[in-house]
Amino acid sequence: MNALLPALTATARAAVHAKPGTNCCCPAPDAVLADRGDDATVVRHGNTVAKAHAPGADPAGLSLRLTVAARLPGVLLAPLDPTPVTLHGRLVTFWPYGIPVDPETPRAAPWEAAAGLLARLHRAPAPAGLPAMRGPAKAARAIRRLRALGHHPAAAPVLRAWAALPAWARAESPLPSARHLCHGDLHLGQLVRHPVDTGPWRLIDVDDLGVGDPAWDLARPAAWYACGLLPPDEWTRFLAAYRQEGGPAVPTAGDPWPALDVPARALTVQTAALAVVKSFAAERPLDEVEQAVVDACVRMGTIPPELTRGCAT
Amino acid sequence: MQCPKCHAPMHTYNRNGVQIEQCSGCRGIFLDYGELEALTRVEAQWAQPAPQAYPAAPAWGAPHGGHGHYDHHRHKSFGHMLFSS
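As named in an unreviewed UniProt entry, chain A is Aminoglycoside phosphotransferase, taken from Streptomyces colonosanans.

Overview of the packing of helix α3 (residues 111-123) of chain A against helix α7 (residues 232-244) of chain A
Residues and elements named next belong to chain A. The N-to-C vectors of α3 and α7 enclose an angle of 35°; their axes lie 8 Å apart at closest approach. In the crossing of α3 with α7, the sense of the turn from one axis to the other is right-handed. Here α3 contributes Trp-111, Glu-112, Ala-114, Ala-115, Gly-116, Leu-118 and Ala-119 to the contact with α7, which in turn contributes Glu-234, Arg-237, Phe-238, Ala-241 and Tyr-242.

Things to note about the pairing of strand β1 (residues 31-35) of chain A
All names here are of chain A. As paired elements, β1 and strand β2 (residues 41-45) share four bridges and run antiparallel to each other. Note on β2: the bridge partner recorded for Ala-31 is Arg-44. What sits between β1 and β2 in their antiparallel hairpin is a turn of five residues.

Here's the deal with the domain arrangement of chain A
All names here are of chain A. Annotation of chain A at the domain level lists domain 1 (4-96) and domain 2 (106-300). The C-alpha centroid of domain 2 is placed 25 Å from the C-alpha centroid of domain 1. Every contact between the two is made by 16 residues of domain 1 and, on the other side, 17 residues of domain 2. The dominant element in the side of domain 1 that touches domain 2, judged by the number of residues it contributes, is helix α2 (residues 59-71), at seven residues. Across the side of domain 1 that touches domain 2, the residue classes tally to eleven nonpolar, four polar and one charged.

A few points about the nonpolar core
The nonpolar side chains of a soluble globular protein tend to be buried with one another. All names here are of chain A. In terms of nonpolar packing, the biggest core is built from 94 residues, with Val-158, Ala-219, Val-269, Ala-272 and Ala-273 touching the most fellow members. For this core, the leading source of residues is helix α8 (residues 257-281), giving twelve residues. Mapping this core onto the domain boundaries places at least three of its residues in each of domain 1 (4-96) and domain 2 (106-300). The residues contacting Ala-272, other than those within four sequence positions of it, are Val-158, Val-293, Val-294 and Cys-297.

Overview of unusual backbone geometry
With omega at -5°, the peptide bond leading from A:His194 into A:Pro195 counts as cis. Position of A:Pro195 among the secondary structure elements: in the loop between β8 (191-193) and β9 (201-203). Even without glycine at this site, A:His88 takes up a positive phi of about 50°. Residue position: A:His88 is located in the loop between β4 (85-87) and β5 (90-96). Of note in this structure, B:His7 is not a glycine but carries a positive phi near 65°. With respect to the element layout, B:His7 can be found in the segment before β1 (10-15). Looking at B:His7, the number of C-beta atoms within 10 Å reads 11, which means it is exposed.

Quick word on the interface of chain A and chain B
Of the residues lining the interface, 32 residues belong to chain A; the matching set on chain B comes to 24 residues. If you list the elements that add at least two residues to the side of chain A that touches chain B, you get α6 (215-226), α7, α8 and α9 (288-300) of chain A. Top contributing element to the side of chain A that touches chain B by residue count: α9(A), with seven residues. Grouping the constituent residues of the side of chain A that touches chain B by class yields 18 nonpolar, five polar and nine charged.

Details of the sheet that holds β2(A)
Residue and element names in this part refer to chain A. Strands sit in the order β1-β2-β3-β5-β4 across an open sheet of five strands; the sheet is antiparallel. Unpaired on one side and paired on the other, β1 and β4 mark the two borders of the sheet. Across the sheet, the mean angle from the axis of one strand to that of its neighbour is 30°, orientation sign disregarded. Of the strands in this sheet, β1, β2, β3 (48-52), β4 and β5 are in contact with helix α1 (residues 4-16), which crosses β2 at around 35°.

Here's the deal with the confidence of the model for chain A
Overall, the prediction assigns chain A a mean pLDDT of 92, with 96% of residues at 70 or greater. Mean pLDDT across the secondary structure elements of chain A bottoms out at β1(A), with 91, and peaks at α3(A), with 98.

Comments concerning the sheet that holds β8(A)
All names here are of chain A. Here we have three strands laid out as an open sheet, ordered β6-β8-β9, and antiparallel in their pairing. Strand pairing shows two members of the sheet lacking a second neighbour, β6 (99-100) and β9, which therefore form its edges. Pairing between β8 and β9: three bridges, direction antiparallel. In the strand pairing of β9, Val-192 is matched with Arg-202.

What about helix α5 (residues 155-163) of chain A?
Residues and elements named next belong to chain A. Taken residue by residue, α5 has Ala-155, Val-158, Ala-161 and Trp-162 as its buried positions. Here the buried residues of α5 occupy an arc of 135° about the axis, which is enough to place them on one side. Against the buried residues of α5 lie α4 (135-147), α8 and α9.

Some details on the pairing of β5(A)
All names here are of chain A. Taking burial as the measure, the seven residues of β5 include five buried ones, the bulk of the element. Summarising the sheet, β3 and β5 pair through five bridges and their orientation is antiparallel. Across the sheet, residue Lys-51 finds its bridge partner in β5, namely Thr-93. Inspection of the sheet shows β4 paired to β5 by three bridges, in the antiparallel sense.

Conventions used here
- Residues numbered from 1 in each chain as written.
- Chains lettered and ligands numbered in written order.
- Predicted model: local features only at pLDDT ≥ 70, side-chain atom pairs only at ≥ 80, totals over all residues.
- Axes fitted to C-alpha atoms, helices over the stretch in contact; angles between N-to-C directions.
- Helix = DSSP H or I, 4+ residues; strand = E, 2+ residues; numbered from the N terminus.
- Left-handed = near helix turned anticlockwise from the far one by under 90°.
- Contact = placed C-beta atoms within 7 Å.
- Pairing = 2+ DSSP bridges.
- Domains from an automatic or database assignment.
- Nonpolar A, V, L, I, M, F, W, Y, C, P; charged D, E, K, R; others polar.
- Core = buried A, V, L, I, M, F, W, Y, C linked by C-beta atoms within 7 Å.
- Buried ≥ 20, exposed ≤ 12 C-beta atoms within 10 Å, placed from the backbone.
- pLDDT = per-residue confidence, 0-100.
- Arc of directions from axis to C-beta.

As structure tokens, then:
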């Protein structure tokens, strides 16, 4: 693991400067954007970003996902090269640098832009052979991490809410319907402006992209709103912009919750599971926000999920 | 004018700007054409404003009305949640 970071940094530098050892005046040379042990490692050198994908990433699946990004440059940030290279046993891809949403000003989040990009992604044709969107698999992984804790007082309601979900939402059976192109892991860290500052917003991170229920991509903001965390006006702006752009995940008018219920429950459960894992690791109680998400799981226990669009199994 | 029911004299009153006739005997009220609608309009203006409409939410959602955590929207924990898988 320790050998990967310097190798990746050197690779990013080499992608920018053909001649090794060149002194450079690039902005943010060798900057580490993410270094998550069991997940991706991302470094930046000037206008180039190199990403080492999670250990065990499927090469064929990643190649297809990169092809989608290259074909939809108006929606997804296009890779500099659609073919990954291998470095220390990890698949590495290269991307142009884009400016992310400022984490210090979440109120300035580009909800309309995010919704518009998702609507266009969901309407785009998926190439043959593209794997399933990995949203349910990520939720299942969060539950495995929660179970690994053993007994924890907050775990029981989270596991009960999980057990009440249909099998497809727990990644235990294929999705029965609604096969659209989906991002699979939408949150505010998945948006960048490219070119920097003046460019339009684009979606990044294709690792979980695939075919599935497009409501999954709306489900994180939906879950935050349902848990009383995202203010109603921000949720309304996001949903209205998605409908305006003709997104297929929810009906164009009326109650969107029959379509959103199961994915929003799944993401609430996933968020609650990771919150419990995190608080346990830090040996601290759940904070107010984490408790709000666990409380939503408690309430789910008394209300069965909506059975929608043939997704009941 | 006499009450059509008990024939006692009717008196004219002004209620919220609307002229109505009330019987001094049986207290019955006589409304001219359009006066009921005028009273209904006035009543609607006096009614309390409707509670704020929230967008639809699931039954398992957080209760609305003072229980949201929007005041703590800058809460570090939620800020982190917005940006992470």
